[in-house]
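Observations on the three-dimensional arrangement
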Amino acid sequence: MTSTRSPYLRFGLLIAAAAFLLDQVTKWIVIVPLSLEPKRVIEITSFFNLTWAENCGISLSMFSDCNDTTRWTLVAVTALVAAAVAFWMTREKARGDVIALAMILGGALGNIVDRVRHGYVVDFADLHFGDFRPFLIFNVADACITIGVLLLVARALLLGEKAPKAGEQPAADQRGV
């Protein structure tokens, strides 16, 4: 009988905790010592600013009404997604996928804490090239979620299992690298 528990679960939980803590620490820095909210913008370089943004919704300003119904619905939906990701992480055998899932989990938890604490997600990272902004204003949690999803997609596309030919036995999972 084989174990269904991921051999990389502890490692994944450490990465998720690190992503969560980094997100919360950076948000604390922009809120408390830097007092970004009243300043609104702090220019760091010609292509990167710290810009205060209160995100009541999700990506691309969807569900952006700042009301209690939206707030608690997004907390519940994000918590369900985080729970599903955590469950998947407990079963995943490929280290790379566990890392990606851990980044998604840590980021999701960071944004859940913001919604519960503030009623919105604190965004502040503003990457721009002149007036061109390749991303919306984001935070560390958003970056972790995005990188985690991109890693999962890339690994699925590049390392996906090939269907066995007729009469062949399926190959063992080689993605654990």
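Look a little higher up for the structure.
The sections below set out a description of the structure shown in this document. Keep in mind that this is a model prediction, so the values were computed, not measured.

Bringing the state of the cysteines into the picture now. Going through the model one piece at a time under the given rule, you end up with one disulfide. A sulfur-sulfur separation of 1.6 Å characterises the disulfide bridge that pairs Cys56 with Cys66. Disulfide Cys56 to Cys66: torsion about the S-S bond roughly 80°, handedness right-handed. Pair noted here: Cys56 is in the loop between β2 (48–55) and α3 (68–91) and Cys66 is in the loop between β2 and α3, with a separation of 10 residues, a long-range link.

Phi is positive for Ser35, close to 45°, though the residue is something other than glycine. Mapped onto the elements of the fold, Ser35 is located in the loop between α1 (9–31) and α2 (36–39). The class for Ser35 is partly exposed, based on a relative accessible area of 28%. For Arg40, which is not a glycine, the phi torsion comes out positive at approximately 75°. Along the polypeptide, Arg40 turns up in the loop between α2 and β1 (41–43).

Turning our attention to the packing of aromatic side chains. Scanning all chains against the criterion turns up two aromatic pairs. Ring centres 6.1 Å apart and planes at 70° place the aromatic pair Phe135 and Phe138 in the edge-to-face group. Exposure remark for Phe135: the relative accessible area of 48% places this residue in the partly exposed category.

This part covers the side chain of Asp23. Here Asp23 is to be found in helix α1. Among residues more than four places away in sequence, those in contact with Asp23 are Gly110, Asn111, Asn139, Val140 and Ala141.

Turning to the sheet that holds strand β3 (residues 121–127), a few remarks are in order. An order of β1-β2-β3 is seen for the three strands of this open sheet, with the pairing classed as antiparallel. Here the strands that pair on one side only, and so sit at the sheet edges, are β1 and β3. Within the sheet, the average angular offset between the axes of one strand and its neighbour, ignoring direction, is 20°. The pairing of β1 with β2 spans three bridges and is classified as antiparallel. Across the sheet, Val41 pairs through a bridge with Thr51, a residue of β2. Contacts between α1 and the sheet are confined to β2 and β3, with β3 contributing the most and set at about 85° to the helix.

Bringing the pairing of β3 into the picture now. Of all the seven residues making up β3, seven are buried; the element is thus mostly covered by neighbouring parts of the structure. Relative to β3, β2 runs antiparallel, the two sharing six bridges. For Ala53, the partnering residue across the bridge sits in β3 and is Asp123.

With respect to the helices and strands, Val98 occurs in helix α4 (residues 95–118). Separated by 12 residues in the primary sequence, Val98 and Ala86 place their C-alpha atoms 9.5 Å from one another.

All right, on to helix α5 (residues 140–159) then. Every α-helix carries 3.6 residues per turn, so stepping three or four residues along brings you back to the same face. In this model α5 runs 27 Å from its N-terminal to its C-terminal C-alpha over 20 residues, within 8% of the 28 Å that 1.5 Å per residue would give. Within the sequence span of α5, burial applies to Val140, Ala141, Cys144, Gly148, Leu152 and Arg155. Buried residues along α5 cover an arc of 110° about the axis, so they all sit on one side. Those residues of α5 that are exposed and angled more than 90 degrees off the buried face are Leu150, Leu157 and Leu158. Regarding α5, its N-cap is Asn139, as a side-chain oxygen of that residue lies 2.9 Å from the backbone nitrogen of Ala141 further along.

Reading the values: rules and limits
In this convention, every chain numbers its residues from 1, walking through the sequence in written order. Under the rules for a predicted model, residues below a pLDDT of 70 receive no local features and side-chain atom pairs below 80 are neither given nor counted, while totals for whole chains, interfaces and linings still include all residues. To obtain the side-chain values, all non-hydrogen atoms of the structure were used and water was disregarded. Here, the term disulfide refers to a pair of cysteine sulfur atoms separated by no more than 2.5 Å. Working definition: helices are DSSP H or I runs of at least four residues, strands are E runs of at least two. Numbering for both runs from the N terminus. Think of it in three bands: residues with accessible area under 20% of the maximum for their type are buried, residues over 50% are exposed, and the middle band is partly exposed, with areas taken using a 1.4 Å probe on protein chains only. Between rings of Phe, Tyr and Trp, where Trp is taken as its six-membered ring, a pair exists when centres lie within 6.5 Å; planes separated by under 30 degrees are stacked, by over 60 edge-to-face, and by other angles tilted. Should any heavy atoms of two residues lie within 4.5 Å, those residues are considered in contact. Any two strands with at least two DSSP-identified bridges between them are counted as paired. To get an axis, a line is fitted to the C-alpha atoms, and for a helix only the part in contact is used. The angle between two axes follows their N-to-C directions and goes from 0 to 180 degrees. The length a helix should cover is 1.5 Å for every residue beyond the first. This arc is taken over the directions from the axis of the helix to the C-beta atoms. Under the rule applied, a polar contact is a pair of N or O atoms within 3.5 Å (in protein, one hydrogen donor and one hydrogen acceptor; residues adjacent in sequence only if both atoms are side-chain atoms).

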